[in-house]
Structures are given as structure tokens and as C-alpha cells.
Amino acid sequence: MERLAKIIRPTLGIFSNLGSAHDEGFTSLEEKVREKLKLFHEVEALIYCSDYGLLKSEIQHLKIPSISWGFKAGGNYLVQQQENKITLQGKKEEFNFVLPFTDKASVENALHGIFLMLHLKYSPSLIQERVTVLQSVPMRLELKQGINNCQVIDDSYNNDLGGLQISLDFLGGLQKKKKTLILSDILQTGLEDSELVSKIQEMITRSGVQQLIAIGPVLSKHRTQFLSKEIKSRFYETTAEALTKISWEEFNREIILIKGARIFQFERIVARLQRRVHGTRMEIDLNKMAHNLNFFKSRLNSGVKVMVMVKAFAYGSGSEEVANLLQFHRVDYLGVAYTDEGVDLRKNQISLPIMVMNPTEESFPLLLANRLEPTVYSMGLLKSLIEFLQGQPCAVHLEIETGMHRLGLEDNNLDEIIGLLKANPNISVASIFSHLAGADESKHDTYSQVQFELYQTAYEKIADALRIKPIRHILNSPGILRLPHLQMDMVRLGIGLYGVNPTTDSIDQLQPVATLKTVISQIKKLKAGESVGYGRWGQPDGDMTLATIAIGYADGFSRSFSRGIGQVIVAGKRAPVVGNVCMDMTMIDITGINAHEGDEVIIFGEGMPIQEVAANINTIPYEILTNTSERVKRVFFAGSY
Ligand SMILES: *Cc1c(COP(=O)(O)O)cnc(C)c1O
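Here is what the cut-offs are and how they apply
Residues numbered from 1 in each chain as written. Predicted model: local features only at pLDDT ≥ 70, side-chain atom pairs only at ≥ 80, totals over all residues. Heavy atoms only, no water. Domains from an automatic or database assignment. Core = buried A, V, L, I, M, F, W, Y, C linked by side-chain atoms within 4.5 Å. Buried < 20%, exposed > 50% of the residue type's maximum accessible area, 1.4 Å probe, protein only. Near = heavy atom within 4 Å. Polar contact = N/O pair within 3.5 Å; in protein donor to acceptor, adjacent residues only side chain to side chain. Areas by Shrake-Rupley, 256 points an atom, 1.4 Å probe, with all protein chains shown as cover. Helix = DSSP H or I, 4+ residues; strand = E, 2+ residues; numbered from the N terminus. Nonpolar A, V, L, I, M, F, W, Y, C, P; charged D, E, K, R; others polar. Phe/Tyr/Trp six-rings, centres within 6.5 Å; stacked < 30°, edge-to-face > 60°. Arc of directions from axis to C-beta. Contact = heavy atoms within 4.5 Å. Axes fitted to C-alpha atoms, helices over the stretch in contact; angles between N-to-C directions. Parallel < 35°, antiparallel > 145°, perpendicular 65-115°, else oblique. Left-handed = near helix turned anticlockwise from the far one by under 90°.

## Digging into the domain arrangement of the chain
Next, step 1: Considered domain by domain, the chain is made up of domain 1 (2-131), domain 2 (142-276), domain 3 (302-498) and domain 4 (514-637).
Next, step 2: A separation of 47 Å is found between the C-alpha centroids of domain 1 and domain 3.

The structure is reproduced here in C-alpha cells:
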């Protein structure tokens, strides 16, 4: 903390919460508090909750200037809470606020924020306005619809004693007769096992929980401490044991709090108890996406910037969420194909610079109003942009034709371009780039090198004539993987972000982020001589178990998968398409597979690589991803699962 304090040199501090996290590194709570307080020795003001008695005495002892509040008297402000109304009673003044939640964790966090804003002299009315739009602590106490009308509180994110108390409080506030707690061992508390167990036991007894399912060696070993008439308890050494021994279907109309340390993988229990979301959906794992981004970054020389291409609804996975993740991870640029795509990103609070590859004249007003940066690929486009701008400033990107023969300025345009840019200094050139036609295959490496040299010549000509040094870039995902010497100032990452390897080289580090899933709507038994679907193309030659699944070509499951060309995964096994794919449905052969109506079906994802799916119908993963129609719901995962 001393070192951190020197780096950060905070002028204001909030000591947010004193729980059992990190206890294992300290001999006592005092020692932990002292260490944490070292961060705040020089602050002008430290905001903290005076109900933590130990914290209070340490802060007073160190004479750190502070603003304290508590639900008990003893701080600068006494806080009273009535449902979602709070009163802050100071020596001289009183404030009243209405919060959008009532649970302890969220209220405590909000109070710290409120006291900070008061200290910074924001008006109570403005504070109220801001507080109104706060959301409760996310991820942690998430209420999910469970099986058999149960409700599941998924708090499998962290497990310390303070967190357990907050969750039990939350549980206590919910109306439901029967309450079950599924709890793992609490790790790294620094307490002796028996002491820890008796603390847990006390908390549970006070909480009104009727049933305890305890998982882990420590809780199991001390099972006798939990003997009680009020609480029925069961103990398991491991999560796997609990998963097989508990008859989960017996949970009925109750509320189940699931609280476990990460290593216990309680997300598996959550999955077992959660009601399945029906219908077709594309699941996007944002953790894997972040992993892929970092993998590509690790391949870059230091200082090389990253533009991520999020065109076509971020390759089918949902622009808003993906762009948010990228903004969080501080990529340098986003690239889209059309102005509208950029406008959508701006509407969703994306503030990164955005390059638009294919702007049209009609879209210039929107471009300008949304700070989007057009690509100039032709003389005509530049001239109409100049005309439209009438001297207003605008950043542009120059695309150079070097051999892709798609869009780009030709060699014989360059003199004129230079002249126009000289005459219109309101237009600034943010970057000059080109695009490789064969970055994915070694047989095109010579061609790629020629493209690069043509690009460099054009770049130098423009840069020298205008005395500018715009960002230089030419590589797409396969280029980043295969042609690292062409990185220059920036690269343009596309399909690699989604975990698809666009080269023929094998790369283990990429993790596919997208899984397309649907469900079985109905199962039928067929005999030889019967037929399936339009045109009666499906013709079983013996007994067949047939399943109708809820996906068709309107969802992006191409009609080319008809008649056995496509396969999907049911219960871990492959099932071929029977007959023709319909608009909204498809029939598959599940003979010999143990499956039920409502079961999940994987179209691509784990066990069914998108490369293979694409190859079956002679296309590429890019097309499979982006074909998935927008009516298919995108579900995003982050955190531990
Ligand atoms: C789509 C695109 C990219 C990204 O290509 P990937 O192969 O998906 O990495 C890069 N540059 C341009 C100009 C593009 O159109």
C-alpha cells in the first residue's frame, strides 16, 4: 500500500467496506486495516462507515481527516433508513434521499457515493437525480427463474463472510415460505476452521433458512456443529458429489441462495436449477472475447495500435455489447462498414474514434454529427466531402488501392488528392491504409509483399507532400498472425476477436466466443416408407427417431444444410438434417440418441466448430457468423461463466 500510495497519491479516499477478503495475508484484522489505511495517510478527506469500530479507532488514532457515517451513532452523520428512503443527520444539517434499492450492499455503496458528492459540493437535488439512475450491485445477487417455480439467487461470484451476511439479509427480505442455502467452504478467511464454522452456523441460524446444503471438506468435517431442529442440513465433500446425489427435481416453490467460492464451480449448480431459456439464441462469451483480444495484443510490437472491425453487427455477435467490451479494454479505434453502424454505436455511448469504410454522400450529415471518420477511397468522394464540409473540420482515412481491387485510391489519383488536401486544411488525414487480398495463405506472401511496397510508396508520397504522419495500417486478423513484420502503426482485428482462426496454421490459444443454440420442439417415431418435410426429400430406410428443432433458414441456418449436408449436436452426439430445412424449423435424425423435447441443440460452438459447419456448405466462418439473423436473441456471458 505504501508503494501504491506513492503512485496514486490520492487526495480523497473512500474506505468502502471491511470484510474478510484478503484476511489470509494478515495476522489480525487490525493489521489489515492498518495496511489498507496506508493508502490514505495524505488524503484531505477519507469517507468511511463508522459502524466498523476498528476502522474508526484506527482512523482517529492516525488523525486522518475524515467524513464518517453510520447506522449507529458515533460518526459525523447518523443514517436512518426506511425502506428506500434515507436520512443523513449531521450536527448542523440534514439530508434526505430516495434510493432505487433497499439491499444493504447497494445502500452502503450508494451512501459512500453520496457523501463524496456532498463533500465535492454537489447540490442535494443533483445528487438525488444521479442516485435515481443507480443500479443495484450487479452480478452478485442475481435473481433467476428456477425449475418448479423456484427462485434462484445466484451469488456464486464470491464468498466471504461479509458477503454471506449481505446475501442472507437479502434472502431474509424476500417473501417466500421455504428458503434453502447452498454454501461452499469459505476460503482464505484467516480464521481457524472451527471458529469459522461457528460464525457461519450463527449467521445461518439467525437467517431463517430452513435447509442447508453444505459443500466442501471443511463444512463436511464440522457437520456436527450444524445439528439443529430448525434447519435440515446435508453435507457433501465436492460439488460433483452434490450434483449426482441430490435429487434436484424435488426443489419446489422455494427460494434458493447459491453462495460459493469460485473453485467450487457453483455455476454448475445454478445451471441445474435454472429454468432453461427456450428458443434459439446465440451465446457470446465476453470473457473469451477479452482473452482473444489479449492474445492478439500479445502478438503486437509495443506501441502498435489496434482497430477492431465491428462491421455487420460485430460479425453477427451484437455491436453494442462487443463495442462496450472493446471500449473497456481500451482499443484505439473501431471500424464499421456503413455510417448507420457507427451511428448505432454512438447512440450506445461508444466514444472511441470510429472509421467508416464505405460512407455515402447522403450520410455525410450523420457522419459529421456523430464524429465518425469517413474513408476516402475515390476522388469523387473527396470532392463531395469538401463541398459538403464548407470548411468544417473532419478527420478522414485514405484507402490506397494496392491489389485487392475493391475500394481504394489509384496511383494516378495521388497528385490531385495531395492538391485538394493542401487546399482544404480543415480535412485532417487520421490514417492511410490498404487491405491485403491474401494475408491468410503463404502462397500469396509475395503478392502481399508487393501490395505492402505499393502502399509504402503511396504513403510516403502523401505524407511528404503534406508534411504529415498519419497512422499506417494494412493487416487484418490473418495478417496479424502470419505477417508480423507488416504491423506498422496499427492493425485491424476482425474475425480473430471471435476466436475463429482465419489461417490454415494451427493456433491453440484462440477461444471461439459464439455458440448458436436451439431446442427440440417435438420428437416423432417414423417407419420406413414415410417421408419428411417439403418435397418429401427425407426418406427413412428403417425406424427413425426424428426431432423437429426451432431453427430454419430465416434464422440463418442455410437451406444448403438440407438432406444430410448439415449436422447438429444433441446430447453430445451428432444428428444429421433430414429432408429440407424449412423457414423456421428443421428436422433431424436423433435415432439412438437419448433426447427429450425441450432439450438443447447446438448448431455451432463446442463440439461443432464453425469452420466445419462452413466447410459443409462450401463457405467460410465469416459468412456463417454474420448470417445468423437478428431475430435470434444474443445472450452475453461474462464473469465466471
Ligand atoms: C473486415 C475488414 C478487416 C478485418 O478482417 P478480418 O479478416 O476479419 O480480420 C480489416 N480491414 C478491412 C478493410 C476490412 O474490411
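## Section: the nonpolar core
Next, step 1: The biggest cluster of nonpolar side chains holds 115 residues, and the ones touching the most others in it are Val 308, Val 310, Leu 334, Leu 398, Tyr 498, Val 570 and Phe 604.
Next, step 2: Formed by 36 residues, the second largest nonpolar core is a distinct cluster that contains Phe 15, Ile 47, Tyr 52 and Val 79.

## A few points about the site of the ligand
Next, step 1: Lining the immediate surroundings of the ligand are 13 residues, of which Lys 311, Tyr 315, Ser 477, Arg 492 and Tyr 622 lie closest.
Next, step 2: Lys 311 has a polar side-chain atom sitting 2.6 Å from an oxygen atom of the ligand.
Next, step 3: In the model, a nitrogen atom of the ligand is placed 2.7 Å from a nitrogen or oxygen of the Arg 492 side chain.
Next, step 4: Bound to the protein, the ligand loses 96% of the 390 Å² it would expose on its own.
Next, step 5: Elements with a contribution of two residues or more to the shell around the ligand: α12 (311-315) and α19 (477-482).
Next, step 6: Residue composition of the shell around the ligand, grouped by class: six nonpolar, four polar and three charged.

## A short note on the packing of aromatic side chains
Next, step 1: In total, this model carries 13 aromatic pairs according to the counting rule given.
Next, step 2: A centroid spacing of 5.7 Å and a plane angle of 90 degrees characterise the contact between Trp 69 and Phe 71, whose relative ring orientation is edge-to-face.
Next, step 3: On the numbers, 5.6 Å between centres and 50 degrees between planes, the contact of Phe 226 with Phe 235 is tilted. With respect to class, Phe 226 is no different from Phe 235; both count as buried.

## What about the environment of Gly 572?
Next, step 1: Counting through the fold element by element, Gly 572 comes out in the loop between β24 (567-570) and β25 (573-578).
Next, step 2: Residues Gly 572 and Glu 606 lie 34 residues apart in sequence; the distance between their C-alpha atoms is 9.4 Å.

## Things to note about helix α13 (residues 319-328)
Next, step 1: Of the positions making up α13, those classed as buried are Ser 319, Val 322, Ala 323, Leu 325 and Leu 326. Looking down the long axis of α13, one finds its buried residues gathered within 155 degrees of arc, a one-sided arrangement.
Next, step 2: Where α13 is buried, its residues touch α11 (286-298), β14 (305-309), α12, β15 (333-336) and α14 (339-347).
Next, step 3: Looking one or two places after α13, you find Arg 330, whose phi comes out positive at around 55 degrees.

## Overview of the environment of Leu 243
Next, step 1: With respect to the element layout, Leu 243 can be found in helix α9 (residues 239-245).
Next, step 2: Sequence-wise, Leu 243 and Leu 475 are 232 residues apart; in three dimensions their C-alpha atoms are separated by 48 Å.

## Comments concerning the packing of α11 against α13
Next, step 1: Viewed as axis vectors pointing N to C, α11 and α13 meet at an angle of 50 degrees, and their least axial separation amounts to 11 Å. Taken together, the axes of α11 and α13 are oblique relative to one another. α11 and α13 meet at a crossing whose hand is right-handed. Where α11 approaches α13, its residues Leu 286, Met 289, Ala 290 and Leu 293 are matched on the opposing element by Val 322, Leu 325 and Leu 326.
Next, step 2: Here the residues of the contact of α11 with α13 sort into seven nonpolar, no polar and no charged.

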